[in-house]
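Reading the structure
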Amino acid sequence: MENNNIELLYQSSNEPNSLLKESIIHSKKNEHRYSENETLFVNECHKSNDEILKLIYQYYYHGGYSGLLFNMIKDTFIHLFIIIFSLFLMTMIDWENILKCKNCNISDYLHTNPYEHNIFFNVFSTSFGIFYFTKWIFDVFYDIRKYYKVQSVRHVFHDKLKIRDNLLRDMKWNDILNDLIDLHNTKKYKLFDHDDQISSYEINSCISRYDNYLIAMINNELLPHTIGCSNVNYILPEVIDFYLRIIDWSYLNNCRLNYTFINNDHKVKIVSKIIGFKYIFFVPFKILYYIFSFIFLHAEDLNSKRNDTDISKYEWSLYSKWKFRDYNEMEHLFDRRIFISYKYANMYIQQRNTPISNAVNNIFLYISKGLLSFIIIISFLNDELLLELNIFHKNLLWYLAMLTFIITTTKKIIIDPKTLIYSSEKIIKNLAVYIHYFPDKWKHNCHRRFVRREFSNLYLSKFYICFYDIINILFLPYIFLVKIPNQIPIILQFIRNNSEYVPNIGNVCQLSHFENKSTVIDRNDKMSQSIINHEINFPGYN
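Computed from a predicted structure; not experimentally measured.

How each quantity is defined
- Residues numbered from 1 in each chain as written.
- Predicted model: local features only at pLDDT ≥ 70, side-chain atom pairs only at ≥ 80, totals over all residues.
- Heavy atoms only, no water.
- Pairing = 2+ DSSP bridges.
- Helix = DSSP H or I, 4+ residues; strand = E, 2+ residues; numbered from the N terminus.
- Contact = heavy atoms within 4.5 Å.
- pLDDT = per-residue confidence, 0-100.
- Core = buried A, V, L, I, M, F, W, Y, C linked by side-chain atoms within 4.5 Å.
- Buried < 20%, exposed > 50% of the residue type's maximum accessible area, 1.4 Å probe, protein only.
- Axes fitted to C-alpha atoms, helices over the stretch in contact; angles between N-to-C directions.
- Parallel < 35°, antiparallel > 145°, perpendicular 65-115°, else oblique.
- Expected span 1.5 Å × (residues − 1).
- Salt bridge = Lys/Arg side-chain N within 4 Å of Asp/Glu carboxyl O.

**Details of the pairing of strand 6 (residues 506-509)**
Sheet analysis places strand 5 (residues 499-502) next to strand 6, joined by four bridges and oriented antiparallel. Its bridge partner lying in strand 6, Val502 is registered against Gly506. Count of turn residues in the strand 5/strand 6 antiparallel hairpin: three residues, of which Asn504 carries a positive phi of about 75°.

**Quick word on the side chain of Asn174**
Take Asn174: it is sitting in helix 7 (residues 173-185). If sequence neighbours within four positions are ignored, Asn174 has contacts with Asn537, Phe538 and Pro539.

**Thoughts on the confidence of the model for the protein**
Of all residues in the protein, 82% have pLDDT values of 70 or greater, and the mean over the chain is 81. Within the protein, no element has a lower average pLDDT than helix 1 (residues 2-9), which sits at 40, and none a higher one than helix 13 (residues 318-324), at 94. Below a pLDDT of 50 lies the segment residues 1-24, which in the model reaches 46 contacts outside its immediate sequence neighbourhood of four places, other chains included. Overall, residues 26-43 carries pLDDT values under 50, and its contacts beyond four positions in sequence, including any with other chains, amount to 36 contacts.

**Here we look at the nonpolar core**
Membership of the largest hydrophobic core comes to 57 residues, with the highest contact counts inside it found for Tyr213, Leu214, Val239, Tyr243, Ile247, Leu476 and Phe480. Those elements that provide at least two residues to this core are helix 9 (209-219), helix 10 (237-249), helix 11 (259-262), helix 12 (266-302), helix 13, helix 20 (462-474), helix 21 (476-497) and helix 22 (526-537). If we ignore the near neighbours within four places in the chain, the residues touching Tyr213 are Ile247, Tyr251, Leu257, Phe494, Ile495, Asn498, Ser499, Asn507, Val508 and Cys509. Ile56, Leu68, Phe192 and Val508 belong to the second largest nonpolar core, which has 33 residues in total.

**Things to note about the packing of helix 3 (residues 65-91) against helix 5 (residues 119-160)**
Packing of helix 3 against helix 5 leaves a shortest axis separation of 10 Å and a crossing angle of 175°. With respect to each other, helix 3 and helix 5 are oriented roughly antiparallel.

**Overview of the environment of Arg164**
The residue Arg164 is located in the loop between helix 5 and helix 6 (165-168) in this model. A C-alpha to C-alpha distance of 9.1 Å links Arg164 and Arg154, two positions ten residues apart in sequence.

**Overview of helix 7**
For helix 7, built from 13 residues, the straight-helix expectation of 18 Å at 1.5 Å per residue is met to within 8% by its first-to-last C-alpha distance of 18 Å. Those residues of helix 7 that sit buried are Trp173, Asn174, Ile176, Leu177, Leu180, Ile181, Leu183, His184 and Asn185. In this fold, the buried residues of helix 7 make contact with helix 2 (47-61), helix 5, helix 6, helix 8 (200-207), helix 14 (331-349) and helix 22. Directly after helix 7, the chain includes Lys187, whose backbone phi takes a positive value near 65°.

**A closer look at the pattern of salt bridges**
Tallied over the full model, the rule gives twelve salt bridges. Between Asp50 and Arg209 there is a salt bridge whose closest N-O contact spans 2.7 Å. Of this pair, Asp50 sits in helix 2 while Arg209 is found in helix 9, placing the two residues 159 residues apart along the sequence. The burial state of Asp50 is the same as that of Arg209; both residues are buried.

What follows is the structure, encoded as structure tokens:
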């Protein structure tokens, strides 16, 4: 069954060598282009319709009212804890003396006045607190506004669809769609401001309207995000949010393109540069906040003896996830196939024979185990020596922790030759069924070094993700002051040349409009993959 899916999804395409030989994918004039001054059609879609549909989907995605509400509460309290505990660690603990203490009481090393430090540190810590408390307050107000909107969606599920939250958790999105479609088509509850019949495709297309543009641009490699000499395309959530905001600004309230905005990129460049100047001052705070949150989340893993600790795992980068996502694909369906893909992705990264590295790591492992056995023997004879016996001014307990960490880390990077029993090509083909990505140059070359290098740029360890996050946060002023302003004309031109008006829906990305499957050529044949995926998950669509 899987082999059939592979052949179906990844058959060779006859696409041209250069997808960008025309101006930003499609340079021909769009037959369905309208200006913002034209009279509205009778059958219109509005941004408010999209917003309601997105809230309905989020309500389903989080498992109902309580799930959505407590998810917001969880995020709010986690952010508040990071802010308060970070300030406590920075201002209230006397780190200089606590590292020297022996048999000390923690209360003796707490500052009674958080402003006992030098002026520079006091200004920095105060600014850090003001910045993140202000941001937290705005987030709370945003969640409160969202809470009142969710109330209306709750009414739709409970009173219109007659679906309680305890039933919602076991239902498929397709079932919810069928009920919503029946409500609209029977005129019991209108999802759009028209009376025409609707389908699941129209609802999903409205929900993912902006996402489809971003998926198309990343899929066609119009938004490279490399820093310096690195070949890794890495993108931060802040940048993704700004791109989606640009796409939102490109639309009028009637879901038609705002050509006045699209033809004038000067304003967007100014907004990007203002954000860039803001980050010049706030980047140190963001880096510190990120480091604290990373430590709070993974500190337990650093001293764990388990081989499956969270920090030792690999995951797809945010850029690669947007590259793998299909047009009009719902988030929960995408999450499901990406979750399954980790099995084959982990299997592939282990299929490399590194005898020299294994030999060196085994030497370190054997020496570390020998030293650890010496400490264990001493602890059996006299456990007080763990604290009292010092080697190079460090007691044996310190060496016990360090050797445990070294042994655990070394075990994770040693590749057992006995596990090299799978074909790399077969693994990647099975993986491609779930990530929907299998470039032609990878075929019959999955064992080659250049494929492994490209794969490792998409599938990163948590340590590399932490490193790239910090580097990209550090370069946020450059990204918003230089990189994004240079890409704004490309984004707006892409939106202008690749938008199509669809009755009852409004303007959508032409590459994501399934009716164009015979006329539109898309990189990696993503449209064909998206259509197949949509038909599998929504069999009622025709």
